[in-house]
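Okay, here's what each chain looks like letter by letter:
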Amino acid sequence: MPPSVPSLPRRVARTLRTSLFAQVTCALVLGIVVGKLWPDTATALQPLGDGFTRLIKTVISPLVFCVVVVGIAKAGDLKAFGRIGVKALIWFEIASTAALVIGLVTANVVGPGRGMNVDPSSLDAAAVQETTGGGHLPTTTEFVLNALPQSFIGAFADNELLQVLILACLVGAALLHLGHTKVPKILPAIEQAQEIIFAVVGFIMRLAPIAVFGAMAHLVGNYGLGVMRTYAKLIVLCYVAAALFIALLAVALKAVTGLSLWKFLRYIREEMLLALGTASTESVMPRVMQKLRRAGARDDAVGLVLPTGYSFNLDGASLYLSIGTLFIAQAVGVDLSLGQQVTVVLVLMLTSKGMAGIPGSAFLALSATASSLGAIPAGAVALLLGVDRIMDSMRVVTNLLGNCVAVFAVSRWEGALDTDRAKRVLDGEDTSTPGDDETGVGGEKDPGGEAGAGAPAPGIPAQKPKEVKELKEPKELKEPAPEAG
């Protein structure tokens, strides 16, 4: 007899039970409905999203530390790690500049603020101060000093990713300097801690649908859907400009690595939807790191490029800032010359690098840009208060894709990408669960199951396994002695 086919309700129930993508999608739609129908109740649901983000943030710093240390130790070459860092910064600067230029060009062509004729004196500048909490963007000196840790524990306690990266580089360099013979148990212990952290991430991710529901309900309940009609031209422009930039990313990824951005989007669709729902790229950072490693990118490239990109490669924010600056100028009737627009690009190239983790950073960057031009009233930034939250989805998607493409491109540039494995994974031919790859660099699973306990992995210099073997030889030679006696 032919096997019975499950009924449609059973198939739907099984999909909802097993697919995170389906669960998050339903939560997203339900959050919009609740926010629209019961806005007062919906605004009280924000803690659901905030709580999930807090849980994820607790594992980001230790995870980045473990991945970077293991990556440096397995690569066996600190100079290669330095080259990856330099190439990443070059890629970040090119990508951010391209995003800024696309934003300025599209804003000049479309003119989203033309005809508004807003009187700057009628705007509430104090609202901007309230949003930013009276903060300010760090100067170059402050940015550099803040990247240096004051204490080992403090960097993890404050969740300062750049400080954690520096500590991880120092520990990885020390492991290479001491070698496997002096500290044979440290690297396996860090690898095991990394696996524990990934398991914790898996537990937390089960709460993702609840987080998306709460965050989306709060957004719709607090801001409503009417704001989208008021700022329709600006919103559509920002999303179209983001689509153009993502198309440029797709071309760059194909040219550099031969990989398809569309297939990669399908590969991380769960993480992308979660980032959209929570308006946070940090909430998906651990899972994205995991998937990039499984897709053939080496540990050291993933561990350095992705976290650094969260501070240095905010492509979506760059797009929004350039369009927002021209929108404000056009709305208050200021016509910026070509020279002033070049100044906008230069200022935003600097201010956008210190934005990560600062409340109201977009408004601080826009205020700094307005002040540098001297032609736009700083209080005019308040024009964007009503629409800023709606732009989060555009910024999140663009930032996340920009950083993922940077990982693949820099990995390929440095020879740290297994392209064949990446194509198999993106084509769906390799369906192993993220984290099953015990080598951490996209190689085959260790048949002995002793990952990190001296087993050779791609990128480890040949002499390292021999040193571990030599340590075991005396014990093996002594074992037959009792039989001889």
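Residues numbered from 1 in each chain as written. Predicted model: local features only at pLDDT ≥ 70, side-chain atom pairs only at ≥ 80, totals over all residues. Heavy atoms only, no water.

This brings us to the overall build of the chain. Per the secondary structure count, the chain includes 24 helices and 0 strands. Taken over 485 residues, the chain has a buried fraction of 50%. By sequence separation, contacts in the chain at least 24 residues apart represent 83% of the contacts at least 6 residues apart. Roughly 22300 Å² of accessible area belongs to the chain as shown, and the carbon and sulfur atoms make up 62% of that amount. (Helix = DSSP H or I, 4+ residues; strand = E, 2+ residues; numbered from the N terminus. Buried < 20%, exposed > 50% of the residue type's maximum accessible area, 1.4 Å probe, protein only. Contact = heavy atoms within 4.5 Å. Areas by Shrake-Rupley, 256 points an atom, 1.4 Å probe, with all protein chains shown as cover.)

Turning to the packing of helix 9 (residues 161-182) against helix 17 (residues 299-312), a few remarks are in order. The geometry of helix 9 relative to helix 17 is characterised by a closest axis approach of 10 Å and an angle of 150 degrees between their N-to-C directions. One element, helix 9, and the other, helix 17, form an angle in the roughly antiparallel class. Crossing handedness for the pair helix 9 and helix 17: left-handed. For the pair helix 9 and helix 17, contact is made by Leu161, Leu162 and Leu165 and by Gly303, Leu304, Pro307, Thr308, Ser311 and Phe312, respectively. Taken together, the residues of the contact of helix 9 with helix 17 sort by class into 6 nonpolar, 3 polar and no charged. (Axes fitted to C-alpha atoms, helices over the stretch in contact; angles between N-to-C directions. Parallel < 35°, antiparallel > 145°, perpendicular 65-115°, else oblique. Left-handed = near helix turned anticlockwise from the far one by under 90°. Nonpolar A, V, L, I, M, F, W, Y, C, P; charged D, E, K, R; others polar.)

What follows covers the packing of aromatic side chains. A full pass over the atoms with the stated rule returns 5 aromatic pairs. Residues phenylalanine 152 and phenylalanine 156 carry aromatic rings whose centres are separated by 5.7 Å and whose planes lie at 25 degrees to one another, so their mutual orientation is stacked. Taken as a pair, phenylalanine 152 and phenylalanine 156 lie in helix 8 (residues 152-157) at a separation of 4 residues, close to a single helical turn. The exposure class of phenylalanine 156 is partly exposed, given its relative accessible area of 23%. Of the aromatic side chains, those joined through ring pairs into one cluster are Phe65, Phe152 and Phe156. (Phe/Tyr/Trp six-rings, centres within 6.5 Å; stacked < 30°, edge-to-face > 60°.)

Time to look at the environment of phenylalanine 245. Relative to the elements of secondary structure, phenylalanine 245 occurs in helix 13 (residues 232-257). Here phenylalanine 245 is in contact with Ala95, Ala98, Ala99, Ile102, Asp315, Leu319 and Thr398, once residues within four sequence places are set aside.

Take the pattern of salt bridges next. Under the criterion given, the structure shown has 9 salt bridges. Of the charged contacts, one joins arginine 83 and glutamate 414 as a salt bridge, the two residues approaching to 2.8 Å between their closest N and O atoms. In this pair, arginine 83 sits in helix 5 (residues 78-110) while glutamate 414 sits in helix 21 (residues 392-414), placing the two residues 331 residues apart along the sequence. Put simply, Glu270, Glu271, Arg287 and Lys291 are held in one network by salt bridges that share partners. (Salt bridge = Lys/Arg side-chain N within 4 Å of Asp/Glu carboxyl O.)

Another aspect to go through is the side chain of glutamine 163. Looking at the element boundaries, glutamine 163 is found in helix 9. In contact with glutamine 163, other than residues within four places in its own chain, are Asn146, Ala147, Leu148, Pro149, Gln150 and Ala155.

With respect to the helices and strands, the residue arginine 294 is situated in helix 16 (residues 285-294). On the basis of relative accessibility, which here comes to 7%, the residue arginine 294 falls in the buried class. A distance of 3.4 Å separates polar atoms of two side chains, one belonging to arginine 294 and the other to tyrosine 267. (Polar contact = N/O pair within 3.5 Å; in protein donor to acceptor, adjacent residues only side chain to side chain.)

Counted at 1.5 Å a residue, the expected span for helix 17 with its 14 residues is 20 Å, and the 20 Å between its end C-alpha atoms agrees. Burial analysis of helix 17 places 14 of its 14 residues in the buried class, which makes it a mostly covered element. (Expected span 1.5 Å × (residues − 1).)

Where a protein is soluble and globular, its nonpolar side chains tend to be buried together. In this structure, Val64, Leu234, Phe264, Leu292 and Leu401 are the most contacted members of the largest nonpolar core, which totals 133 residues. With 14 residues, the top contributor of residues to this core is helix 4 (residues 46-75). (Core = buried A, V, L, I, M, F, W, Y, C linked by side-chain atoms within 4.5 Å.)

Turning our attention to the environment of valine 342. In this fold, valine 342 is placed in helix 19 (residues 338-351). On a C-alpha basis, the gap between valine 342 and leucine 104 in space is 9.5 Å, while along the polypeptide they are 238 residues apart.

A cluster of nonpolar side chains, namely Val29, Val33, Leu37 and Trp38, defines an oily patch on the protein surface of about 400 Å² accessible area. On the basis of relative accessible area, valine 29 is assigned to the partly exposed category, the value being 49%. (Patch = residues over 30% accessible without salt bridge, like charges linked within 9 Å, V, L, I, M, F, W, Y side chains within 5 Å.)

Attention now moves to the confidence of the model for the chain. When pLDDT is averaged across the chain, the result is 77; 76% of the residues are at 70 or more. Across the chain, the secondary-structure element scoring lowest on mean pLDDT is helix 23 (residues 463-478), at 39, and the one scoring highest is helix 14 (residues 261-267), at 93. (pLDDT = per-residue confidence, 0-100.)

One non-glycine residue, asparagine 159, adopts positive backbone phi at about 60 degrees. Note that asparagine 159 resides in the loop between helix 8 and helix 9.

The next subject is the environment of isoleucine 196. Locating isoleucine 196 in the fold gives a position in helix 10 (residues 186-205). On the basis of relative accessible area, isoleucine 196 is assigned to the exposed category, the value being 56%. Along the backbone, isoleucine 196 and leucine 63 are 133 residues apart, and their C-alpha atoms lie at a distance of 9.6 Å.

Moving on, we get to helix 13. The end-to-end C-alpha distance of helix 13, which contains 26 residues, comes to 37 Å, matching closely the 38 Å that a straight helix rising 1.5 Å per residue would cover. Restricting attention to buried positions, one finds in helix 13 the residues Leu234, Ile235, Leu237, Cys238, Ala241, Ala242, Phe245, Ile246, Leu249, Leu253 and Thr257. Directly after helix 13, the chain includes glycine 258, whose backbone phi takes a positive value near 80 degrees.

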